[in-house]
Amino acid sequence: MAAEPRRKIIAGNWKMNKTVSEALALVRELRGMVSVLRDKVEIVLAPPFVALHPVAKAIEDSNLKLAGQNCHWEALGAFTGEVAAPMLKEVGCAYVILGHSERRQYFGETDETVNKRAQAVLKAGLLPILCVGETLAEREAGRTLEVVERQVKGGLAGFGGAEVARFVLAYEPVWAIGTGRTATTAQAQEVHAAIRSQLVRLYDGGTAEQVRIQYGGSVKPDNAAELLGQKDVDGALVGGASLKAGDFAAIVKAGA
Ligand code: PEP
């Protein structure tokens, strides 16, 4: 029996943008624009933590889902300023973004801490969106696949195939994030295919076929269709363009 095709997943990472009132205005506009797509494509929004609860209310009975931008690996405790996975679950999240390059670059995130967070995410009944990607220096040194494969292996360490099948991976070349510089479709497809081959080696073909791999890095309405048309590109993780309802809706439609 042929495997189910992977449903595309488009996620908007709002980063540290939008107050609660601004978040609600954006969501109300977006909701109307993408409702016609129903479940043709999975649509996920990752607002700042303080907007999660009000946004959850605003997307009730819609085809929009919610994600946290990060979480701690412990379920509770003396970790001032942190947010735990069960809290994100209760507030209505389905996903949590982990290991974003900004977390790795500015907040000391490592493959090991990303892996611990992923354990907490699955334990809480949430799904991880695990980000990987090389810096410009690493790409120019010809180390792209080595770096990405190390991050994939480290982030997934200790998980079995059934758990890994529930992950979304996001290939985000650091040099393409927020820079307006996008990987070519060939560059994206090459890395996505390499990750899928790695999943076959680490787990098995069935698992590798199920894992969805998003591309992220200056995805815009005018480049989304071409990127999303690549065989191993199963969606997009969108930063800047997710802050405008019209742009994000256009990217979502390109994935439908
Ligand atoms: C991101 O933050 O994950 C991202 C891809 O940002 P941008 O789309 O702005 O490059």
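Criteria and thresholds
Residues numbered from 1 in each chain as written. Predicted model: local features only at pLDDT ≥ 70, side-chain atom pairs only at ≥ 80, totals over all residues. Heavy atoms only, no water. Helix = DSSP H or I, 4+ residues; strand = E, 2+ residues; numbered from the N terminus. Rg over C-alpha atoms; globule rule 2.2 N^0.38 Å. Buried < 20%, exposed > 50% of the residue type's maximum accessible area, 1.4 Å probe, protein only. Near = heavy atom within 4 Å. Polar contact = N/O pair within 3.5 Å; in protein donor to acceptor, adjacent residues only side chain to side chain. Areas by Shrake-Rupley, 256 points an atom, 1.4 Å probe, with all protein chains shown as cover. Nonpolar A, V, L, I, M, F, W, Y, C, P; charged D, E, K, R; others polar. Contact = heavy atoms within 4.5 Å. Pairing = 2+ DSSP bridges. Axes fitted to C-alpha atoms, helices over the stretch in contact; angles between N-to-C directions. Salt bridge = Lys/Arg side-chain N within 4 Å of Asp/Glu carboxyl O.

### A word on the overall build of the protein chain
In step 1: What the protein chain contains, in helices and strands, is 12 helices and eight strands.
In step 2: Over its C-alpha trace the protein chain gives a radius of gyration of 17 Å, about what one expects of a compact globule, namely 18 Å for 256 residues.
In step 3: The dimensions of the protein chain, computed from C-alpha atoms along their principal axes, are 45 × 45 × 45 Å.
In step 4: Expressed as a percentage of the 256 residues in the protein chain, the buried residues total 53%.

### A look at unusual backbone geometry
In step 1: Look at arginine 38: it is not a glycine, yet its phi comes out positive at around 45°.
In step 2: Mapped onto the secondary structure, arginine 38 falls in the loop between α1 (20-34) and β2 (42-46).
In step 3: Taking the relative accessible area as the measure of exposure, arginine 38 reaches 57% and is therefore exposed.
In step 4: In this structure, aspartate 61 is a non-glycine residue whose phi angle is positive, near 55°.

### Considerations on the site of the ligand
In step 1: What surrounds the ligand is a group of 14 residues, the closest being Lys15, Glu172, Gly178, Ser218 and Gly239.
In step 2: A distance of 2.8 Å separates an oxygen atom of the ligand from a polar atom in the backbone of serine 218.
In step 3: Here an oxygen atom of the ligand and a backbone polar atom of glycine 240 are 2.8 Å apart.
In step 4: Considered on its own, the ligand offers 290 Å² of accessible surface; in the complex 98% of this is hidden by protein.
In step 5: Residues belonging to the shell around the ligand are distributed by class as follows: four nonpolar, eight polar and two charged.

### Focus on the environment of glycine 12
In step 1: Secondary-structure assignment places glycine 12 in strand β1 (residues 9-13).
In step 2: In this structure the C-alpha to C-alpha distance between glycine 12 and leucine 45, which are 33 residues apart in sequence, comes to 4.9 Å.
In step 3: In this view, glycine 12 contacts Val44, Leu45, Ala46, Val238, Ser242 and Phe248; residues no more than four positions away in its chain are not counted.

### What to know about the pairing of strand β8 (residues 235-238)
In step 1: Covered by surrounding structure in β8 are Gly235 and Leu237 together with Ala236 and Val238, the residues of both alternating faces.
In step 2: Note: β1 against β8, four bridges, orientation parallel. Paired with isoleucine 9 across the bridge in β8 is glycine 235.
In step 3: The pairing of strand β7 (residues 212-216) with β8 spans two bridges and is parallel. Each residue of the ladder has a partner; that of glycine 216, found in β8, is leucine 237.

### Observations regarding the sheet that holds strand β3 (residues 64-68)
In step 1: Pairing in this closed barrel of eight strands is parallel, and the strands run β1-β2-β3-β4-β5-β6-β7-β8 around the ring. Sheet twist, expressed as the mean angle between neighbouring strand axes with direction ignored, is 25°.
In step 2: Across the sheet, helix α5 (residues 111-123) is in contact with β4 (95-98) and β5 (127-132); its angle to β4 comes to roughly 180°.
In step 3: With respect to the sheet, helix α12 (residues 245-254) is in contact with β1, β2 and β8, its orientation differing from that of β1 by roughly 160°.

### Re the pattern of salt bridges
In step 1: Considering all chains together, one arrives at 18 salt bridges under this definition.
In step 2: Arginine 201 is paired through a salt bridge with glutamate 149; the nearest N and O atoms lie 3.6 Å apart. With a gap of 52 residues between them, arginine 201 in helix α9 (residues 185-202) and glutamate 149 in helix α7 (residues 144-155) connect regions that are remote in the sequence.
In step 3: With a relative accessible area of 55%, arginine 201 lands in the exposed category.
In step 4: Among the residues examined, glutamate 149 registers a relative accessible area of 23% and is labelled partly exposed.
In step 5: With a closest N to O distance of 2.5 Å, aspartate 232 and arginine 196 form a salt bridge. A residue pair is termed long-range when its members are at least 10 positions apart, and aspartate 232 in the loop between α11 (221-228) and β8 and arginine 196 in helix α9 qualify at 36 residues. Across the pair, exposure class does not vary: aspartate 232 and arginine 196 are buried alike.
In step 6: Here the salt bridges do not stand alone but share partners, grouping Arg6, Arg196, Glu209, Lys231, Asp232 and Asp234 into one network.

### What about the pairing of β5?
In step 1: In terms of burial, β5 is a largely internal element, five of the six residues being buried.
In step 2: By the bridge criterion, four bridges tie β4 to β5 in an arrangement that is parallel. Note that in β5 the partner of isoleucine 97 across the bridge is isoleucine 129.
In step 3: With four bridges joining them, β5 and strand β6 (residues 168-171) adopt parallel strand pairing. From the neighbouring strand, cysteine 131 faces β6, where its bridge partner is alanine 170.

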